[in-house]
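Fold and contact review
Chain by chain, the residues run as shown.
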Amino acid sequence: MSAGRSGTDLRFDWIGMLFACLLTLFIALPLIVVGTWAFTEVWRYPSVIPQQFGLRFWGQTLARPDVWDALFLSLRLTTTVTILSAVICLPAAYAFARMRFPGRNILFLSFLASHAFPKFGLLVAIAGIFLQLGLISTFWGVVLIQLVGTLMLMIWIPVAAFQNVDRRMEEAARDAGATPLRVFWSITLPQAGPTIAAALLLTFVGTFYETEGAWLIGAPQVRTMPVLMISFINNQIVVQYGAVLSVMLWVPSFIALMFARRVIGTGAFARGFGA
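Residues numbered from 1 in each chain as written. Predicted model: local features only at pLDDT ≥ 70, side-chain atom pairs only at ≥ 80, totals over all residues. Heavy atoms only, no water.

Looking at an unreviewed UniProt entry, one finds the protein named ABC transporter permease subunit and attributed to Rhizobium laguerreae. What UniProt states about the protein under its Subcellular location (unreviewed entry) heading is, verbatim, "Cell membrane". (UniProt positions renumbered as here; feature names shortened; annotations may be inferred.)

**Comments concerning the side chain of T203**
Among the structural elements, T203 can be located in helix α10 (residues 180–208). Side-chain polar atoms of T203 contact the backbone oxygen of A199, separated by 2.9 Å. If we ignore the near neighbours within four places in the chain, the residues touching T203 are T82, S85, T150, L153 and M154. (Helix = DSSP H or I, 4+ residues; strand = E, 2+ residues; numbered from the N terminus. Polar contact = N/O pair within 3.5 Å; in protein donor to acceptor, adjacent residues only side chain to side chain. Contact = heavy atoms within 4.5 Å.)

**Observations concerning the side chain of S85**
Tracing the chain through its elements places S85 in helix α3 (residues 65–98). When residues no more than four places from it in sequence are discounted, the contact partners of S85 are L90, L147, T150, M154 and T203.

**Thoughts on the pattern of salt bridges**
The final tally for this structure, using the stated rule, is 4 salt bridges. Notably, a salt bridge pairs E41 with R56, separated by 3.9 Å at the nearest N-O pair. You can see E41 sitting in strand β1 (residues 40–42) and its partner R56 sitting in helix α2 (residues 56–62), a full 15 residues away along the chain. Owing to a relative accessible area of 17%, E41 belongs among the buried residues under this scheme. R56 gets classed as partly exposed once you look at its relative accessible area, which sits at 41%. Salt-bridge contacts for R98 lead to E170; the nearest nitrogen and oxygen are separated by 3.1 Å. In this pair, R98 sits in helix α3 while E170 sits in helix α9 (residues 167–175), placing the two residues 72 residues apart along the sequence. (Salt bridge = Lys/Arg side-chain N within 4 Å of Asp/Glu carboxyl O. Buried < 20%, exposed > 50% of the residue type's maximum accessible area, 1.4 Å probe, protein only.)

**Some words on a nonpolar patch on the surface**
A cluster of nonpolar side chains, namely I15, L18, F19, L22, L25, F26, L29 and V33, defines an oily patch on the protein surface of about 780 Å² accessible area. Turning to its location among the elements, I15 is positioned in helix α1 (residues 7–38). (Patch = residues over 30% accessible without salt bridge, like charges linked within 9 Å, V, L, I, M, F, W, Y side chains within 5 Å. Areas by Shrake-Rupley, 256 points an atom, 1.4 Å probe, with all protein chains shown as cover.)

**So, the UniProt feature "transmembrane region" (unreviewed entry) in the protein**
Taken from the UniProt record, the annotation "transmembrane region" (unreviewed entry) applies to residues 12–39, 70–94, 106–133, 139–162, 183–209 and 238–260. From the first C-alpha to the last, residues 70–94 spans 35 Å; its make-up is 100% helix and 0% strand. Within the segment residues 183–209, helix and strand shares are 96% and 0% respectively, and the terminal C-alpha atoms sit 37 Å apart.

**So, the packing of aromatic side chains**
Overall, the coordinates contain 10 aromatic pairs when judged by the stated rule. Between F232 and Y241, the aromatic rings sit 5.9 Å apart at their centres with planes inclined by 55°, giving tilted as the arrangement. Taken together, the ring pairs connect F57, F232 and Y241 into an aromatic cluster. In this structure, R56 is placed above the aromatic ring of F57, and the distance from its NZ or CZ to the ring centre is 4.4 Å. The ring of F139 has R76 lying over it, and the distance from NZ or CZ to the ring centre is 4.5 Å. (Phe/Tyr/Trp six-rings, centres within 6.5 Å; stacked < 30°, edge-to-face > 60°. Lys NZ or Arg CZ within 6 Å of the ring centre and 35° of its normal.)

**Here's the deal with α10**
In a regular helix each residue adds 1.5 Å, so 29 residues correspond to 42 Å; α10 covers only 36 Å between its end C-alpha atoms and thus falls short of that length. Most pronounced at L189, the bend in α10 amounts to some 55°, and the proline P190 follows within four residues. (Expected span 1.5 Å × (residues − 1). Bend = angle between axes of the 7 residues up to and from the residue.)

**Things to note about the packing of α3 against α10**
Packing of α3 against α10 leaves a shortest axis separation of 9 Å and a crossing angle of 140°. With respect to their mutual orientation, α3 and α10 come out oblique. You can see that α3 and α10 cross each other, and the crossing is right-handed. Between α3, through L71, S74, L75, T78, T79, V81, T82, S85, A86, L90, Y94 and R98, and α10, the contact on the second element is made entirely by F184, T188, I196, L200, T203, F204, T207 and F208. A per-class count over the contact of α3 with α10 returns 11 nonpolar, 8 polar and 1 charged. (Axes fitted to C-alpha atoms, helices over the stretch in contact; angles between N-to-C directions. Parallel < 35°, antiparallel > 145°, perpendicular 65-115°, else oblique. Left-handed = near helix turned anticlockwise from the far one by under 90°. Nonpolar A, V, L, I, M, F, W, Y, C, P; charged D, E, K, R; others polar.)

Here it is, written out as structure tokens:
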């Protein structure tokens, strides 16, 4: 046995690899099945593999007006939520990163509150309030409910970004006579910008695929792409329609998440927590 590696360590390595393989299987298998359905024209029981592949259902899905209505609505909704989240959260994140004030830590941790309780129960409670305010089945009702879900990402990650800015460069710029706005624009923002951009991208993606709030608050008038996909499946409309929409949703999400992962890294949440 190699030096420094006990039998217990090797056993834990194998157990970890086993759990990783099982987790990958449970995640990848449904994706493979759905992806296969998207390119299947005939797949009848008890055949293990489809009898006929093709793109016929892609044409039929993309020819549906409700698909394009849902897509444009989702893009408009997601863009609105992301912009509002940036306007509200980025100044707050800068304050958390640079200022010390009473109740700072409690307020900072409070942005986890929406993720600390069962989400659907929280949405039902908010839906009762929105019903009294006339926001059910409205565009702005869905905007507000989805805005709640963006708070953690748009606070914690930008806080880490602002904390990682080189303060010495800011001080040197101020000593050279630069105004605070000039320092922020020329020194702070270029250093924090890539991580903030990744946080905005994650917010955009997360909002685009958000389903529970959009369904509970928006139905039946507001139907986003994920809600439409679920309705195809639940109403037993041609299963390939839902599979095609699912694949259409995967591609931009995968690309965006890979980009955000490269920019943010694994320590952003930890650094934000240590603010």
